[in-house]
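Letter by letter, the chains look like this.
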Amino acid sequence: MHDGDGDGDDDDDWTMIPKPKSNRKFKVPIRPKGGSGTGLPPLLALWWVATLTALARWSVLFNVPAPVGIGAADQSRFSEERVLTHARDLAEGIGPRVVSTPAMEPAEWYVVDRARELVDEISAARADDMDVDLSIHRPTGSFRLNFLNNDIANAYTNLTNVVVRVAPKDQSDAKSVLLNAHFDTTLGSPGGADCASCVGILLEILRVMARPGTRVPAAPVLFLFNGGEETFMQAAHGFVAHHPWAKTVGAVINIEATGTSGPDVLFRETGGWPAEVYMRTAPRPAATASIRDLVRFANLPVDTDFSVFRDPTLANGNLPGVDIASMLDGYSYHTDRDLAGRIRRGTIQAYGENVHEAMFAFARELQSMPATGSGDASSAREPVRPGAGT
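It should be emphasised that the depicted structure is a prediction, and the values quoted were computed from it without experimental measurement.

### Examining the overall build of the protein
For step 1, the next point in the chain: Helix and strand counts for the protein stand at ten helices and nine strands.
For step 2, the next point in the chain: Counting across all 390 residues of the protein, residues that qualify as buried make up 48%.
For step 3, the next point in the chain: Pairs at least 24 apart in sequence give 79% of the contacts found in the protein among residues at least 6 apart.
For step 4, the next point in the chain: Total accessible area on the protein stands at roughly 19300 Å², and carbon and sulfur atoms take up 56% of it.

### Side note on the nonpolar core
For step 1, the next point in the chain: Core analysis: the biggest nonpolar cluster contains 64 residues, and L179, F223 and F225 have the highest contact counts within it.
For step 2, the next point in the chain: If sequence neighbours within four positions are ignored, F225 has contacts with V111, T160, N161, V162, V164, A181, F183, V199, L202, L203 and L206.
For step 3, the next point in the chain: Core analysis: the next-biggest nonpolar cluster, separate from the first, contains 23 residues, Y156, F239, V240 and V308 among them.

### Quick notes on the confidence of the model for the protein
For step 1, the next point in the chain: In the predicted model, the protein carries a mean pLDDT of 86, and 80% of its residues have values of at least 70.
For step 2, the next point in the chain: This model gives residues 2–6 a pLDDT under 50, and the stretch forms zero contacts once residues within four places in sequence are excluded.
For step 3, the next point in the chain: Segment residues 8–14: pLDDT under 50, and one contact once partners within four positions in sequence are set aside and those in other chains are kept.

### Brief notes about the side chain of S176
For step 1, the next point in the chain: If you trace the backbone, S176 turns up in strand β5 (residues 176–182).
For step 2, the next point in the chain: In this structure, S176 is in contact with P220, V221, L222, T248, V249, G250, A251 and L366, ignoring residues within four places of it in sequence.

### Considerations on the packing of aromatic side chains
For step 1, the next point in the chain: Enumeration over the complete set of coordinates arrives at three aromatic pairs.
For step 2, the next point in the chain: With 6.2 Å between their ring centres and 40° between their planes, W47 and W48 make a pair best called tilted.
For step 3, the next point in the chain: Overall, W47 belongs to the exposed group, its relative accessible area being 51%.
For step 4, the next point in the chain: Sitting over the ring of Y110, R114 keeps its end group 4.8 Å from the ring centre.
For step 5, the next point in the chain: In this structure, R337 packs its charged tip against the face of Y331, placed 4.0 Å from the ring centre.

### Things to note about the sheet that holds strand β1 (residues 130–137)
For step 1, the next point in the chain: Sheet architecture is open: seven strands sit in the order β1-β4-β6-β5-β7-β9-β8, paired in mixed fashion. The sheet is open, and its two borders are formed by β1 and β8 (261–270), each paired with just one other strand. Adjacent strand axes in the sheet meet at a mean angle of 15°, parallel and antiparallel pairs treated alike.
For step 2, the next point in the chain: Where β5 lies against strand β7 (residues 249–257), five bridges are found, and the strand directions are parallel. When the sheet's bridge partners are listed, V177 is paired in β7 with A251.
For step 3, the next point in the chain: Strand contacts of helix α5 (residues 192–210): β1, β4 (161–168), β5, β6 (221–226) and β7, with the helix running at about 130° to β7, the strand carrying the most contacts.

Cut-off values and rules
Residues numbered from 1 in each chain as written. Predicted model: local features only at pLDDT ≥ 70, side-chain atom pairs only at ≥ 80, totals over all residues. Heavy atoms only, no water. Helix = DSSP H or I, 4+ residues; strand = E, 2+ residues; numbered from the N terminus. Buried < 20%, exposed > 50% of the residue type's maximum accessible area, 1.4 Å probe, protein only. Contact = heavy atoms within 4.5 Å. Areas by Shrake-Rupley, 256 points an atom, 1.4 Å probe, with all protein chains shown as cover. Core = buried A, V, L, I, M, F, W, Y, C linked by side-chain atoms within 4.5 Å. pLDDT = per-residue confidence, 0-100. Phe/Tyr/Trp six-rings, centres within 6.5 Å; stacked < 30°, edge-to-face > 60°. Lys NZ or Arg CZ within 6 Å of the ring centre and 35° of its normal. Pairing = 2+ DSSP bridges. Axes fitted to C-alpha atoms, helices over the stretch in contact; angles between N-to-C directions.

What follows is the structure, encoded as C-alpha cells:
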C-alpha cells in the first residue's frame, strides 16, 4: 500500500511486488501417443454407442417370433394371422366404434358371436376337464374419477361387457385370473391396434384352449371383452362394481395398445408378485417404469382399465396384476392411421405368446395360495392403499 509521502525506495517496492521472470518456463502435460490415458478414445466411444443402438433397434424391431398362420400344421399354437383377421373385421369391416354410436351394435355382436362359437367348441371338446360359461352383461352405474388432478363424475348406462369363464372341472368359484381387452375406440379411429388386436388376442387364446389335449389352467380364467374403455374406463368399472363374477378375481392382466408395433411392455403393476411371475414366465418379456412415472408426475391425459382394477376404494378392486401395451408407432395412436394392416408382423405373435404363458403362470400362482393367511389373493392386495402404490 502506498503511504503517500513520495520518498519510498525502489528496493522496498521490489521486495513487496516481485517482477516477473522472463525466463520462467511452464510444462504442459502431453497425452502419450499410445492412447493409454484415462477414458475411451472418441472413436472407440462412438463405435460403442453405435453398437448398443443397433442392438437395441434389432431387439425391438426384429427379435420377434415368426408369425404363425391359420393353416399351420400344429393347430394348438397361437396364431397371429387369426388375430389379425379379427382385427381387420373390427377395424376395417366395422370401423370406428365409439360408445353410444350405431357402430357399437355390430361390434358387440361380432364379439358375442365369436365368443359363443368358441364356448360351444370348448363345451364339446373339453367337457371332461373344463367348465365354460358365457355372460353378456349390461351394467349401469357411476363413479368418481380423478382426471388431471380434478374430480369428475363419470356415469354410464347399458354398456356391454362380454365375459367368458373357463375353469378346471368343478372349480368355477375359485380365485380366477382376469384377462381384459376393450373393443370400443376413440373418435375417428378404426382402432386396429387399440384395441381390436387385443380382442383378437383373447379370442385366439380361447381358440387354443378349445383344442383337445392342450393345457388346462390351474385356476379359472375370465376373458373380459369390454365395450367402454375410451370413455374413461366405464365398462371396466361396470364389471368390477356390478358383475357377479368380479368377486372371484384374484389377479388381472390388462391388454392394451398405444401403437401398432411391439414390443409389448409391462409398464404398471401392483402386488409385487405379478410382475415377477410375468418377467420369469413370458417368452419375451419387456418392462419399464418410465411410462408410469410420466403419467403419474407429468399429468398426461392417458389411462387404462388397469386403474379401475387396482382401485382400492372398490369392494372387488385393489387387484394385483400387470398392465401391458404395445408402444411403438405412436404416430398412429388414436388416429385414422390405426389400421390392422399397419401392425408390424411378429408383434402380435410375441404379444399373444407372452400373455398366454403369463395366464397359466398367474393361474398356478393363485391355485398355490392358501385360502387364508398372508398368502391368499385378497391379502396380497392389503398393502395397497389410496394414494399409494403404482
